Structure formats: structure tokens, C-alpha cells
Amino acid sequence: MKAAVYYENGGPEVLKYEEIPDPVCHPKGVIIRVEAIAIEGGDTLNRWRGPLMTNPHVVGYQAAGEIIEIGEQVTNVKVGQKVATVNNWGSHAELRSVPARNCWPIPEGFDVRKAAAIPVTFGTAHDCLFEFGRMKKGETVLVQAGASGVGVAAIQLAKRAGAGLILATASSDERLEKLKRLGLDHGINYTRDDVVKEVKRLTDNKGVNVVVDSVGGSTLQGSINSLAYRGRVSMVGAAGREPMVVDVGSMMGGNRALSGVFLGAEIGTDRVHDNIQQLIEDAAKGELEVIIDKEFPLSDAAGAHAYIESRKAVGRVVLVP
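Residues numbered from 1 in each chain as written. Predicted model: local features only at pLDDT ≥ 70, side-chain atom pairs only at ≥ 80, totals over all residues. Heavy atoms only, no water.

## Re the packing of aromatic side chains
Counted according to the given criterion, the structure contains one aromatic pair. On the basis of an interplanar angle of 45 degrees and a centroid distance of 6.0 Å, the ring pair of phenylalanine 296 and tyrosine 307 is categorised as tilted. Taken together, the positions of phenylalanine 296 in strand E14 (residues 292-297) and tyrosine 307 in helix H9 (residues 301-309) put the pair 11 residues apart, joining distant regions of the chain. Between lysine 294 and the ring centre of tyrosine 307, over which it is positioned, the NZ or CZ distance is 4.7 Å. (Phe/Tyr/Trp six-rings, centres within 6.5 Å; stacked < 30°, edge-to-face > 60°. Helix = DSSP H or I, 4+ residues; strand = E, 2+ residues; numbered from the N terminus. Lys NZ or Arg CZ within 6 Å of the ring centre and 35° of its normal.)

Below, the structure is given as C-alpha cells:
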């Protein structure tokens, strides 16, 4: 099969398009013929500095396509079925081997490209807001990196749950404007404005109840400083690629809370598995929107990764074999 591989960590230029051996089907797994690969922020981070679990390494969490082989112990899915899949690596390829538990059937007629972008992205946003952020109807929410895949999902999910005010940050006014139709009330251009000051101004100096932070680094302290009394930060990524340094003492006076969120730690549970399936079905019914910003051929995975890192995208970037 053809795949986007690399032999060492680095920038997008380390990705090569090569022929490698086809994957082997595990007794509890499936092989899918990949139709769409949704590139996660974690994919670019792994390419940059993550361990190479295979050599050459095929990076990537999310991909969707048609099951062409099932293991002898698999009973929950069948050959010919279209599924969205998640695994620790291996999405950037024409074929993919994944545990059957990490497959979610795609409703008939739903765009496979969009389904590919839901499990990690929307599942993570949902956990950040509700499982760990404990968001309630009427509360205020700040989404750092609102134009990211998780950001786009979090804005919609917060709006659907009745958030009283939704704020989000992004690198340009243009990107923020595109988020208004999803439920964003006020955008903050972090390249121009002081995020904490803007949050306080827009909330009458109260701060927000919940922050979804996929950036980390120096942004994380700003998220904490943006909290209202008893506010909660769900920290879910390190897109800023900076050390996580925070003043824990700044949380005490306001009885604030900081939770680290990693969907992968619970993705095998019934709670998360069922929640992801419901999110896919909600999107198929048109209740949630999956934004595909741009599509690249798998052969230009390097170009796709470079485009993501340019911070121009709104939503997900997709590779197609």
C-alpha cells in the first residue's frame, strides 16, 4: 500500500509518500480501505517530537473508510461496512488496521470525510465541556483556538447545551467571523488583543465558567486568569508547543479548577464509545456541523501538515488516498 511515512521527527518536510507492506488484521481487529483521513493537531505534534512506534512510521489518529477484512473474534462490525476509526497511529495510509472496538458505523448517506473528523475532535470537545468542565445551561464558555477542530466542535456543543455566552480566540478576525454562525458570541484576536482583559470586559469583569484550552503553554495561564469564581479549565493539548508553566496559587482565591483531559484514556469505555456514536449520528442528522477547511491528496501529506501549521484553517484538514 501507499502511505505518508517518516524516518525521523521534524517539520512537515520529513513526510515521504512511499510503498510499504499492507497491515495485518488482528483477531480482534479490522482492516479498512481508507477513504478519508482527518488530520488531528496531535498528528502534527507526534510528527514533530513523538516516538516512532514503527519504522518507517505512519502517523495519525483518525481515518474512515470501508471494512475489507475482520478478525476471527470480531462480531460488532462486518465486511463492507463504512466506519470511522481511531488508533494511536496509522491513519496516513491507503489501508489501516485497528481494533474493532475503535470503529463507529457511519450512517448511510453521511459524508465519510466528515465522519472521519468526528471521534477524537467532537468526543474531546464534549468531554472538555461536560465530563470535566461540568458546564451547565446559562454558563459562560471560553474556547481557546476556536477555529481548530476541537474549537469548532466545542462552540457548537456549548451553544446546543444552552451556554449563556460563548467566547473564542483565533489568530485573525477573518477566522473568528466564520465561527459566528456556529454559535460564537464574541471573538478575540489574540494577535492583537489581551485575551484576559477582553474576557473580563465582555463578562462585566466576572470571567467565564468553563475554558476549553487545546493550546497550553503560556496560553494556559491566561485561561486560568480568565476564570470566574469556581470556574473550570479543561486543558486538552499542547498546540502552542511551549512548556506548561502555571501559577497554581492563582487558582486558590477563586476556588478554580484545572483538569487535564485525554480522550484516549477512556476511549475504550462504554461511556465514550457510545457518546462518539451519538455525535456521529447527530452530525448525520444535521444537528452538528463538521467543517472541512481543505482537502489534500495523501501524496501531499507534507503540504497538508504545513497548511495546518500556518494557522489559516477553520475546522479540519482532510487527506484523501
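Back to the write-up after that little detour.
## A closer look at helix H4 (residues 149-160)
For H4, which comprises 12 residues, the first-to-last C-alpha distance of 17 Å matches the rise-based estimate of 16 Å (1.5 Å per residue) to within 8%. With 10 of 12 residues buried, H4 is to be regarded as a mostly interior element. Of the residues making up H4, those classed as buried are Gly149, Val150, Gly151, Val152, Ala153, Ala154, Ile155, Gln156, Leu157 and Ala158. Elements in contact with the buried residues of H4: helix H3 (119-131), strand E8 (140-143), strand E9 (165-170), strand E11 (208-213), helix H8 (270-284) and strand E15 (316-320). Within two residues after H4, glycine 162 carries a phi angle of roughly 90 degrees, on the positive side. (Expected span 1.5 Å × (residues − 1). Buried < 20%, exposed > 50% of the residue type's maximum accessible area, 1.4 Å probe, protein only. Contact = heavy atoms within 4.5 Å.)

## Here we look at helix H7 (residues 217-225)
Every buried residue belonging to H7 is among Gly217, Leu220, Gln221, Gly222, Ser223 and Ile224, and all of these are buried. Taken together, the buried residues of H7 touch helix H6 (195-202), E11, strand E12 (227-235) and strand E13 (257-260).

## Quick look at the packing of H3 against H4
Between H3 and H4, the least distance of the axes is 8 Å, while the angle of their chain directions is 55 degrees. Taken together, H3 and H4 sit at an angle that is classed as oblique. At the point where H3 passes H4, the crossing takes the right-handed sense. Counting all contacts with H3, which are made through Thr121, Phe122, Thr124, Ala125, His126, Leu129 and Phe130, the residues of H4 involved are Gly149, Val150, Ala153, Ala154, Gln156, Leu157 and Ala158. Looking at the contact of H3 with H4, its residues break down into nine nonpolar, five polar and no charged. (Axes fitted to C-alpha atoms, helices over the stretch in contact; angles between N-to-C directions. Parallel < 35°, antiparallel > 145°, perpendicular 65-115°, else oblique. Left-handed = near helix turned anticlockwise from the far one by under 90°. Nonpolar A, V, L, I, M, F, W, Y, C, P; charged D, E, K, R; others polar.)

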